[in-house]
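Coordinate inspection notes
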Amino acid sequence: MKQEIWVYSAKQSPRLDYVLNFISKIWDISFKITSDIDEFTQIETAKINYSHQDLGGIQIQPQKLLFEKGYKLFDFSNLELDSFAMIFFLLSRYEEYVIQERDTHNRFLGSSSYLFKTNRLKLPWVDVLIQNLKNSIHERYPDLKFKEKEFKKQLTIDIDQAYLYQNKSFKRFVGANLRDALKLNLISIARRKLSYFFLMKDPWDVYQELKINFEHELNKPIFFFQVGDYAEFDKNLNFKNKAFQKLIKNTNKWASVGLHPSYQSNQDASILKTEVERLEQVLGKPVAKSRQHYIKLDLPSTYQNLLANGIQEDYSMGFADQLGFRAGTAHSFNWYDLSQEKETNLKIHPFCAMDVTLKNYLRNTPNQAHGKIRELENTIELTGGSFCMICHNESLSDFGEWKGWRESLLSSFIS
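All values reported here derive from a predicted model rather than from experimental measurement.

1. So, the overall build of the protein chain
- The helix and strand inventory of the protein chain stands at 15 helices and 13 strands.
- Relative to the 2.2 N^0.38 estimate, which gives 22 Å for 415 residues, the radius of gyration of the protein chain is 24 Å and therefore close to what a compact globule would have.
- In the protein chain, buried positions account for 56% of the 415 residues.
- Counting only contacts in the protein chain whose residues sit at least 6 apart along the sequence, the fraction spanning at least 24 positions is 71%.

Structure below.
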């Protein structure tokens, strides 16, 4: 029989239910909520008193957040006194609904987040709070058995452009050569010609090498392919390209494949629908996973559109400009839609590091990046969860500006 912890709360709240559901999955322990003081005081087993009254058990004094509806700007530091409210605040991404700061791509940045401003972004703060609560409960109720912490690693790879040179249209081939000619970049022209006519391997064609690298690994990478129309920020191959389709199908035979919704699709749900249908057509099966191109995550519309198009799992919960834990956790969780005040079936898988963040935003060398990756990995080992990182086929190519990066990025995932 599953173990139980009783929780007293004077009011019912879908937000409190959500927090307890999340903790329950991590601990493998059920929560039973009661609003009956007499019933609660008579309970002699493990219990949490979520009220300002002295009723026995582990006491957490509530702020108002879990008993409100909607969202508004307030002093977030007040939540430090209420671990349940802080957990909800971080998981729901409450601050992203009320803070208007955005970058040129209309993204909420890590530097705007509460955890960054309080120097805790590189800590999975939700997981720390849950661990602290677990320690308090175990000290008072030593017979209660919690599930052992789980730690795993998940490499994810975004395919913004499947190849640097090969399989692109002749128009793009000529245009790129003209641009290089104006810059007198003769080496690039030579490489492009040799690759385009299949006289040498394309520099970004890393797929077979990755397949060999992960042949004996239990956790295979997840590849997110972009199949959107060509545009300023969407430059992949045409989804009808036979070589591109073959690549997607072959990758799906040994790894997992999801959709990398185009930059354009974030503003137009009909474009997202088209791209889901395209990838499903290539794979011959429903598409369940996604990650937003450029990490363009606009709540609640982005997640509502994913749900409306059959996406069940999303891997966009992280920041482009900072390392760390956007939602304060390394554990997967269901998205809570604040606009509708309900827990949804969309499963969120957070990531804590990205190749572009390490190199372009933080200006790290490969050795510095390796050290920061290891620090994050070690932190998650202590609290439990999944060390999830984003790479690109470009960054794993050891070519051009990414020369020397491959080993630093892959070392955590290959035995």
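2. Concerning helix α14 (residues 366-383)
- Spanning 18 residues, α14 covers 26 Å between terminal C-alpha atoms, matching the ideal 26 Å at 1.5 Å per step.
- Where α14 is concerned, the buried positions are Ala369, Ile373, Leu376, Glu377, Thr379, Ile380 and Thr383. Projected down its long axis, α14 carries its buried residues within an arc of 160°, all on one side. Among the exposed residues of α14, those oriented more than 90 degrees off its buried face are Asn367, Glu375 and Leu382.
- Along its buried surface, α14 packs onto α6 (125-140), β5 (151-159), β12 (353-354), α13 (355-361), β13 (385-392) and α15 (406-410).
- Once α14 finishes, Gly384 follows within two positions and takes phi at roughly 90°, a positive value.

3. Let's talk about the side chain of Asn309
- Note on placement: Asn309 falls in the loop between α12 (301-308) and β9 (313-314).
- For Asn309, the side chain forms a polar contact with the main-chain oxygen of Asn305, separated by 2.9 Å.
- Excluding residues within four positions of it along the chain, Asn309 makes contact with Ala269, Leu272, Lys273 and Val276.

4. Things to note about the pattern of salt bridges
- As enumerated under the stated definition, the model contains 16 salt bridges in all.
- The residue Glu68 makes a salt bridge to Lys72 at a minimum N-O spacing of 3.6 Å.
- Overall, Lys72 belongs to the partly exposed group, its relative accessible area being 47%.
- For Arg93, the salt bridge identified is with Glu95, shortest N-O distance 2.6 Å.
- The class for Arg93 is buried, based on a relative accessible area of 1%.
- Judged by its relative accessible area of 1%, Glu95 falls in the buried class.
- Each of the salt bridges in this network shares a partner with another, and the network as a whole consists of Arg93, Glu95, Glu96 and Arg326.

5. Here we look at the packing of helix α1 (residues 14-27) against helix α3 (residues 83-91)
- Remark: α1 packs on α3, axes separated minimally by 10 Å, with the N-to-C direction vectors making an angle of 90°. For the element pair α1 / α3, the angle class is roughly perpendicular. Residues Arg15, Leu16, Tyr18, Val19, Leu20, Phe22 and Ile23 of α1 lie in contact with α3, whose contacting residues are Phe84, Ile87, Phe88 and Leu91.
- Broken down by class, the residue content of the contact of α1 with α3 amounts to 10 nonpolar, no polar and one charged.

6. What about the environment of Gly371?
- Relative to the helices and strands, Gly371 is located in helix α14.
- Take Gly371: its relative accessible area is 30%, and that puts it in the partly exposed class.
- Expressed as a C-alpha distance, the spacing of Gly371 and Ser408, which sit 37 residues apart in the sequence, is 8.8 Å.

7. Looking at the sheet that holds strand β4 (residues 58-59)
- Strand order in the open sheet formed by four strands is β2-β1-β3-β4, with parallel pairing between adjacent strands. The open sheet has two free edges, formed respectively by β2 (30-34) and β4, since each of these has just one partner strand.
- Two strands pair when backbone bridges link them, and strand β1 (residues 4-8) and β2 are joined in this way by five bridges, in the parallel orientation. Bridging from a neighbouring strand, Trp6 pairs with Lys32 of β2.
- Here α1 sits on the sheet and contacts β1 and β2; the angle it forms with β2, its principal contact strand, is near 155°.

8. As for the pairing of strand β11 (residues 342-348)
- Pairing of β9 with β11 involves two bridges; the strand directions are parallel. Opposite Asp314, over in β11, you have Ile348 as the bridge partner.
- In this structure, the hairpin formed by strand β10 (residues 333-337) and β11 is closed by a connection of four residues, where Glu341 is found at a positive phi of approximately 50°.

9. Topic: the packing of helix α10 (residues 242-254) against helix α11 (residues 269-283)
- It is the contact of α10 with α11, at a shortest axis distance of 9 Å, that shows an interaxial angle of 70°. On the basis of their axis angle, the class for α10 and α11 is roughly perpendicular. Of the two elements, α10 crosses α11, and the hand of that crossing is right-handed. Counting all contacts with α10, which are made through Gln245, Ile248, Lys249 and Asn252, the residues of α11 involved are Leu279, Val282 and Leu283.
- A breakdown of the residues in the contact of α10 with α11 according to their chemical character gives four nonpolar, two polar and one charged.

10. With respect to the environment of Arg191
- Note on placement: Arg191 falls in helix α8 (residues 186-196).
- Taking the relative accessible area as the measure of exposure, Arg191 reaches 32% and is therefore partly exposed.
- Beyond its immediate stretch of four places on either side in the chain, Arg191 contacts Tyr165, Met200 and Phe399.

11. Structural notes on unusual backbone geometry
- Leu299 connects to Pro300 through a cis peptide bond whose omega is 5°.
- Secondary-structure assignment places Pro300 in the loop between β8 (289-290) and α12.
- Although it is not a glycine, Tyr294 adopts a positive phi angle of roughly 65°.
- Secondary-structure assignment places Tyr294 in the loop between β8 and α12.
- Take Tyr294: its relative accessible area is 29%, and that puts it in the partly exposed class.
- Even without glycine at this site, Arg363 takes up a positive phi of about 55°.
- Here Arg363 is to be found in the loop between α13 and α14.

Cut-offs used in this document
- Residues numbered from 1 in each chain as written.
- Predicted model: local features only at pLDDT ≥ 70, side-chain atom pairs only at ≥ 80, totals over all residues.
- Heavy atoms only, no water.
- Helix = DSSP H or I, 4+ residues; strand = E, 2+ residues; numbered from the N terminus.
- Rg over C-alpha atoms; globule rule 2.2 N^0.38 Å.
- Buried < 20%, exposed > 50% of the residue type's maximum accessible area, 1.4 Å probe, protein only.
- Contact = heavy atoms within 4.5 Å.
- Expected span 1.5 Å × (residues − 1).
- Arc of directions from axis to C-beta.
- Polar contact = N/O pair within 3.5 Å; in protein donor to acceptor, adjacent residues only side chain to side chain.
- Salt bridge = Lys/Arg side-chain N within 4 Å of Asp/Glu carboxyl O.
- Axes fitted to C-alpha atoms, helices over the stretch in contact; angles between N-to-C directions.
- Parallel < 35°, antiparallel > 145°, perpendicular 65-115°, else oblique.
- Nonpolar A, V, L, I, M, F, W, Y, C, P; charged D, E, K, R; others polar.
- Pairing = 2+ DSSP bridges.
- Left-handed = near helix turned anticlockwise from the far one by under 90°.

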